[in-house]
Amino acid sequence: VLGRLGPVALLAVAAILVYRADPFGSSTTTPVQPAVPGAKSKQHGVPTGYAPDRAGAAAAASNDNQTFLATSGDLTQAEQAMQTMAAPASRAALLQQVQTGYAQVLANVRAGNPGIHGVRLGVSARTLGERVDSVTRSAATIDVASSFTLTIGASNRGTITRDACSLYGYDLVWTAGDWK
């Protein structure tokens, strides 16, 4: 997985807008459970085992997107997911992107809410659709549209939940018998 549009940066912007527009409002939603279409198995909780074709690449991008967003609120989970999802050549850059984005979200939440502590982040995602730009035997470029629920909680202020939509670009490579 080589992210082209910076999913974590979008979460940071969403956190800014949510906290500045309505600090700890009363909106609630039910998290969506991600599906695992096209994957033959899971490795460390990450869907794997896709077909080396257009449908397999689309399923990999969609499931990687859901996994990426779902683990964005927990650095340990995100790092474990990246070990499975990301191609070795892009793994370090993606981990850095996750760590930077996570730190940005926390900084934005804290800046807009002095005295806040015990901040917890949670994200659940649902794929709305994919657009396959190109697929070869060794690479695929796919855009994934999703809706996601961002939940931000603080031990001394309560919890808010907001829904948003996004479009992420994935440049996948076929490596070690799977799309990454």
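Residues numbered from 1 in each chain as written. Predicted model: local features only at pLDDT ≥ 70, side-chain atom pairs only at ≥ 80, totals over all residues. Heavy atoms only, no water.

A few points about the nonpolar core
Ranked by internal contacts, the top residues of the largest apolar core, which has 39 residues, are Met-82, Ile-142 and Leu-172. Counting residues per element, the ones that place at least two in this core are helix H2 (54-71), helix H3 (75-85), helix H4 (88-112), strand E4 (120-135), strand E5 (139-154) and strand E6 (158-175). (Core = buried A, V, L, I, M, F, W, Y, C linked by side-chain atoms within 4.5 Å. Buried < 20%, exposed > 50% of the residue type's maximum accessible area, 1.4 Å probe, protein only. Helix = DSSP H or I, 4+ residues; strand = E, 2+ residues; numbered from the N terminus.)

A few points about the packing of H3 against H4
Two numbers describe how H3 lies on H4: the axes approach to 10 Å, and their chain directions differ by 160 degrees. Our classification of the angle between H3 and H4 gives roughly antiparallel. Like other packed secondary-structure pairs, H3 and H4 cross with a definite hand, here right-handed. On the side of H3, the interface is formed by Leu-75, Ala-78, Glu-79, Met-82 and Gln-83, while H4 contributes Arg-91, Leu-94, Leu-95, Val-98, Gln-99 and Tyr-102. When its residues are assigned to classes, the contact of H3 with H4 shows 7 nonpolar, 2 polar and 2 charged. (Axes fitted to C-alpha atoms, helices over the stretch in contact; angles between N-to-C directions. Parallel < 35°, antiparallel > 145°, perpendicular 65-115°, else oblique. Left-handed = near helix turned anticlockwise from the far one by under 90°. Contact = heavy atoms within 4.5 Å. Nonpolar A, V, L, I, M, F, W, Y, C, P; charged D, E, K, R; others polar.)

Remarks on the pairing of E6
Bridging between E5 and E6 involves 16 bridges; their strand directions are antiparallel. Looking at the pairing, Ser-146 lines up with Ser-166 of E6. With antiparallel pairing between neighbouring strands as the criterion, E5 and E6 make up a hairpin whose turn holds 3 residues. With 2 bridges connecting them, E6 and strand E7 (residues 178-179) associate as antiparallel partners. Pairing of Trp-174 across the sheet is with Trp-179, part of E7. With antiparallel pairing between neighbouring strands as the criterion, E6 and E7 make up a hairpin whose turn holds 2 residues, including Ala-176 at a positive phi of roughly 55 degrees. (Pairing = 2+ DSSP bridges.)

Some points on the confidence of the model for the chain
Across the chain, the average pLDDT comes to 78, with 80% of residues at 70 or higher. Mean pLDDT values for the elements of the chain range from 43 in helix H1 (residues 7-21) up to 94 in E7. Across residues 2-6, confidence stays below pLDDT 50; counting only partners more than four residues off in sequence or on other chains, it has 18 contacts. A low-confidence stretch, residues 8-35 (pLDDT under 50), is modelled with 68 contacts involving residues beyond four sequence positions or located in other chains. (pLDDT = per-residue confidence, 0-100.)

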